[in-house]
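Survey of secondary and tertiary structure
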Amino acid sequence: MKIKFHGVRGSYPKPGPSTVRYGGNTTCVSISKIVDNKVQRIIIDSGTGSINLGTEIVKNYIEGKEDLDISMLFTHLHPDHTQGFSFFAPNYFKECSMKLMGMRTLKKHIGMILEESMLPPTFPIEYKDLKSQRKHYELKDGITFKAKYMEIEVMQAFAPSHPQQGALYYKITDPDTNRSVACIWDLESKIGGDKAVEKFSTGCNVMIHDTQYTADEYNSDKMIVQGFGHSTYPMAVENANLAKVKDKLICTHFNPAHSDEKLDSIAEELKSQETGYEILLAQEGMEIKV
Ligand SMILES: [Zn+2]
Ligand SMILES: [Zn+2]
């Protein structure tokens, strides 16, 4: 499997000279493998990073390298995880079939929420007028299913670790190699580590974890961010240690206020940590072999 980061910011997009290297787009990650010379891809979240991914998929489709048969998982439905969907190029191809999977919140499935975000006068095209064929699936805590030759396990924390209805967390395993990736965002960890995350992710090869804040920001009494539903870098390391991550911890869902220089200095600091795995900060366009 291969992980690719298409958007690494939390909350809102932050384009501009201070974020050129890590990227300014909001959350979108894809996990793919090649089967019979074609890309088989699971997409997680459709923040603004999914706009470039959509263009990449259409290019692959034209070149015969990938089908317009999209499997998209949503962690939750905040705008930094959905805002790219209406500009996701495969939506404008009638031969595109899409499986949209996420939680049911406030008695609404994922399609109903996306539909609401595309109603006139706030958007020029209505959800129902998109050319893609879309099916909606509700995911619940504890289920396992297969998509795109990969196995997906779903966790929803019992006590929501993210405001409003919480979020879903995914573990994706390649049954051919038994290697796995735990996707842990948006999540505010707990004192002593998040036991649900530990249990869910134990022994995974790669953990991708929310790191919106530094410990100083989280502990500050000036701009209070506790309860906003995000973790710090030490929290991510703590959860990765508890889960005995084998290969890599990849930090993402960055604070939009953190510049390239700031993220470089955080990455440098993390290098001094004694862990049995590598710690990386995600960058837009970065690809990692699992
Ligand atoms: Zn978010
Ligand atoms: Zn959120």
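In short, a report on the structure. In this text, all values refer to a predicted model and were calculated from it rather than measured experimentally.

The next thing to look at is the overall build of the protein chain. The number of helices and strands found in the protein chain is 6 helices and 14 strands. What you see for the protein chain is a C-alpha radius of gyration of 18 Å, in line with the 19 Å of a compact globule of 290 residues. Based on the C-alpha atoms only, the size of the protein chain along its principal axes is roughly 50 × 45 × 40 Å. With 290 residues in all, the protein chain has 46% of them scored as buried. Counting contacts in the protein chain only where the partners sit at least 6 residues apart, residues at least 24 apart contribute 70% of the total.

To continue, consider the sheet that holds strand E2 (residues 28-35). Reading across the sheet, the 7 strands line up as E6-E5-E4-E3-E2-E1-E14 and stay open at both edges, with mixed pairing between neighbours. At either margin of the open sheet sits one strand with a lone partner, and together these are strand E6 (133-138) and strand E14 (287-289). Taken pair by pair, the neighbouring strands of this sheet meet at an average axis angle of 20°, ignoring direction. Of the strand pairs in this sheet, strand E5 (residues 97-102) and E6 are connected by 6 bridges, and their pairing is parallel. Within E6, the residue paired with methionine 98 across the bridge is arginine 134. Contacts between helix H1 (residues 49-62) and the sheet are confined to strand E1 (2-7), E2 and strand E3 (38-44), with E1 contributing the most and set at about 125° to the helix.

Another aspect to go through is the nonpolar core. Core analysis: the biggest nonpolar cluster contains 68 residues, and Tyr170, Val181, Cys183, Ile184, Met207, Ile208 and Leu249 have the highest contact counts within it. The dominant element in this core, judged by the number of residues it contributes, is helix H5 (residues 233-242), at 5 residues. If we ignore the near neighbours within four places in the chain, the residues touching tyrosine 170 are Ile44, Leu73, Ile152, Glu153, Val154 and Cys183.

Our next topic: the sheet that holds strand E13 (residues 278-281). Spatially, 7 strands are ordered E7-E8-E9-E10-E11-E12-E13 in an open sheet, and the strand pairing comes out mixed. Each edge of the sheet is formed by a strand with only one pairing partner; in this case those strands are strand E7 (144-147) and E13. For this sheet, the mean inter-axis angle between neighbouring strands, taken without regard to orientation, is 20°. Looking at chain direction, strand E8 (residues 150-156) and strand E9 (residues 168-174) are connected through 6 bridges and run antiparallel. Following the sheet pairing, isoleucine 152 is matched in E9 by isoleucine 172.

Okay, the environment of leucine 77 next. By the element assignment, leucine 77 lies in the loop between strand E4 (69-73) and E5. The buried category is assigned to leucine 77, around which 23 C-beta atoms lie within 10 Å. Along the sequence, leucine 77 and arginine 104 sit 27 residues apart, while their C-alpha atoms lie 10.0 Å from each other. For leucine 77, the residues in contact, after removing those within four places along its chain, are Thr82, Gly102, Thr105, Ile110 and Ile113.

Turning our eyes to something else, we now look at the pairing of E4. Of all 5 residues making up E4, 4 are buried, and the element is well covered by its neighbours. The pairing of E3 with E4 spans 3 bridges and is classified as parallel. Counterpart to isoleucine 44 in the pairing with E4 is leucine 73. Summarising the sheet, E4 and E5 pair through 5 bridges and their orientation is parallel. Its bridge partner being in E5, leucine 73 is matched across the sheet by methionine 101.

With that out of the way, let us pick up H5. In terms of residue burial, H5 counts as a mostly covered element, since 7 of its 10 residues are buried. Buried residues of H5: Tyr233, Met235, Ala236, Val237, Glu238, Asn239 and Ala240, and no others.

This part covers unusual backbone geometry. A cis amide bond links proline 120 to the next residue, proline 121, at an omega of 5°. Across the junction of tryptophan 185 and aspartate 186, the peptide omega takes the value -15°, indicating a cis bond. Following the sequence through the fold, aspartate 186 ends up in the loop between strand E10 (179-184) and helix H3 (195-201). Here the phi dihedral of asparagine 37 falls at roughly 65°; this positive angle occurs in a residue that is not glycine. Looking at the element boundaries, asparagine 37 is found in the loop between E2 and E3. Positive phi outside glycine occurs at asparagine 178, with the angle close to 65°.

What counts, and at which threshold
Residues numbered from 1 in each chain as written. Chains lettered and ligands numbered in written order. Predicted model: local features only at pLDDT ≥ 70, side-chain atom pairs only at ≥ 80, totals over all residues. Helix = DSSP H or I, 4+ residues; strand = E, 2+ residues; numbered from the N terminus. Rg over C-alpha atoms; globule rule 2.2 N^0.38 Å. Buried ≥ 20, exposed ≤ 12 C-beta atoms within 10 Å, placed from the backbone. Contact = placed C-beta atoms within 7 Å. Pairing = 2+ DSSP bridges. Axes fitted to C-alpha atoms, helices over the stretch in contact; angles between N-to-C directions. Core = buried A, V, L, I, M, F, W, Y, C linked by C-beta atoms within 7 Å.

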